[in-house]
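If you want the building blocks of each chain, they are given just below.
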Amino acid sequence: MRFLSIQSFVAYGHVGNSAATFPLQRLGHEVWPVLTVVFSNHTGYGAWRGPLLPPDDVRAVVTGIEERGVLPTCDAVLSGYLGGPGICEVVVDAVGRVKKANPAATYTCDPVMGNATSGCFVDPAIPPIIREQVVPHADIITPNQFELGFLTGTEPDTLESTLASADAAMAMGPSTVLVTSVLRPDRPDDTIEMLAATGTGAWIVRTPRLPIGANGSGDLTAALFTAHLRSTGSPAEALGLTASSVVGVLRATIDSGERELQIVLGQDAIASPTGEFEVERVR
């Protein structure tokens, strides 16, 4: 498959396109990375260098790809953190161009806005734009549980409320919702779950809650789930494969003692997921 991935880029570490490109390539897919920023490192360090690319420059890169006549062969568009309204418009425009060229192409939006620990950490102008102007164009969205609530104006916590929130999100346009970092009050200690919901069913997978909060794991998850869903056609299978790979990479990261996500070190977990976690149908 061929992916157009419009995301940030860091030279050191793995977030955005630096977290999505190699894993997709390791699975045998072609990736056209379009960069929205070129930073030395992710902003979690509190200091970084490099440019935030103007929306017109990002749009020009998409136009250049279009001029090669290859958009009809693009299978999926990915986007992650969107730094400003201008980039949101560029992404929506690119999705429209790809889908016009290939109506079978899908768009995956990872609506990066915040998390349960930090709250909303993006410009306050961004969430309404993502909710009203970007998500309606998406086929797949991959919010964490906090972002799902933020998008839908709900407070998902139990399985039932999280499913209801996912349904509310699908009513906005997407046909598939992957909810990451699901923390049900009745789950076993030291576990965390992911939930995939579609119009025909819902599935959940439980994994250990590892003692790490590596930047970029959400970007990795969104890319892998999209690839596996497109390859298998099965949300349940895609959920299990993605969980296995992400946990494998996180374990490699913990073992390395490094702060940054160890995607290269953990590449075997990406290329050959063990399928060690049971996927349960919950609807």
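Look above for the structure.
This write-up is about the structure you can find in this document. (Residues numbered from 1 in each chain as written. Predicted model: local features only at pLDDT ≥ 70, side-chain atom pairs only at ≥ 80, totals over all residues. Heavy atoms only, no water.)

### Focus: the packing of aromatic side chains
- Within the structure shown, the criterion is met by two aromatic pairs.
- Here Phe-39 and Trp-48 contribute two aromatic rings whose centre-to-centre distance is 5.9 Å and whose plane-to-plane angle is 40°, an arrangement assigned as tilted.
- For Phe-39, a relative accessible area of 13% translates into the label buried.
- When the centroid spacing of 5.8 Å and the interplanar angle of 35° are considered together, the rings of Phe-146 and Phe-150 count as tilted. Of this pair, Phe-146 and Phe-150 both sit in helix H5 (residues 145–152), four residues apart, which is roughly one turn of that helix.
- On the basis of relative accessibility, which here comes to 34%, the residue Phe-150 falls in the partly exposed class.
- Its guanidinium or amino end placed over the ring of Tyr-45, Arg-259 lies 3.9 Å from that ring's centre, counting from NZ or CZ. (Phe/Tyr/Trp six-rings, centres within 6.5 Å; stacked < 30°, edge-to-face > 60°. Buried < 20%, exposed > 50% of the residue type's maximum accessible area, 1.4 Å probe, protein only. Helix = DSSP H or I, 4+ residues; strand = E, 2+ residues; numbered from the N terminus. Lys NZ or Arg CZ within 6 Å of the ring centre and 35° of its normal.)

### Examining the pairing of strand S9 (residues 191–198)
- Of all the eight residues making up S9, eight are buried; the element is thus mostly covered by neighbouring parts of the structure.
- Relative to S9, strand S8 (residues 176–182) runs antiparallel, the two sharing five bridges. In the sheet register, Thr-176 faces S9, and the bridge partner there is Thr-198.
- Linking two consecutive strands that pair antiparallel, namely S9 and strand S10 (residues 202–208), is a turn of three residues. (Pairing = 2+ DSSP bridges.)

### Concerning the nonpolar core
- If you look at the biggest cluster of nonpolar residues, it comprises 44 residues, and the most contacted ones within it are Leu-4, Ile-6, Tyr-107, Ile-141, Val-177 and Leu-195.
- The leading source of residues in this core is helix H3 (residues 85–101), at seven residues.
- Discounting chain neighbours no more than four positions away, the residues touching Leu-4 are Trp-32, Val-34, Ile-65, Cys-74, Ala-76, Val-77, Leu-78, Ala-94 and Val-98.
- Listed in part, the 14 residues of the second largest apolar core include Met-194, Val-205, Phe-225 and Leu-239. (Core = buried A, V, L, I, M, F, W, Y, C linked by side-chain atoms within 4.5 Å. Contact = heavy atoms within 4.5 Å.)

### Things to note about empty space enclosed by the protein
- Per the stated rule, a full pass over the model turns up two cavities of 30 Å³ or more.
- There is about 50 Å³ of room inside the largest cavity.
- Lining of the largest cavity is provided by Gln-7, Leu-78, Ser-79, Gly-80, Thr-108, Asp-110, Asp-219, Ala-222 and Ala-223.
- Elements supplying a minimum of two residues to the lining of the largest cavity: strand S3 (76–79) and helix H7 (217–232).
- Counting residues per element, the lining of the largest cavity draws most heavily on H7, which supplies three residues.
- If you add up the space inside the second largest cavity, you get close to 30 Å³.
- If you trace the second largest cavity, you find it lined by Thr-36, Val-37, Leu-52, Tyr-81, Gly-83 and Ile-87. (1 Å grid on protein atoms, 1.4 Å probe; cavity = no way out; pocket = protein on both sides within 12 Å on 5 of 7 lines; lining within 4 Å. Points joined across faces, edges and corners; volume = space filled by probe spheres on them.)

### Here we look at the pairing of strand S2 (residues 30–39)
- For strand S1 (residues 2–10) and S2, the ladder comprises eight bridges, and the chain directions are parallel. Note that in S2 the partner of Ile-6 across the bridge is Val-34.
- Chirality of the crossover, the property in question, places the unit of S1, helix H1 (residues 17–26) and S2 among those that are right-handed. (Right-handed = clockwise from strand over helix to strand, strands pointing away.)

### Looking at unusual backbone geometry
- Positioned with a positive phi, Ser-181 is a non-glycine residue whose angle comes to about 55°.
- Tracing the backbone shows Ser-181 in strand S8.
- Judged by its relative accessible area of 36%, Ser-181 is partly exposed.

### Observations concerning the sheet that holds strand S7 (residues 140–141)
- Read from one edge of the open sheet, nine strands run S2-S1-S3-S4-S7-S8-S9-S10-S11, paired in mixed fashion. Two strands close off the open sheet at either side, each with one partner strand: S2 and strand S11 (279–281).
- Pairing analysis gives four bridges linking S1 to S3, with the strands arranged parallel. From the neighbouring strand, Ser-5 faces S3, where its bridge partner is Leu-78.
- Sheet contacts for helix H6 (residues 159–170): S7, S8, S9 and S10; angle to S9, the most-contacted strand, approximately 40°. (Axes fitted to C-alpha atoms, helices over the stretch in contact; angles between N-to-C directions.)

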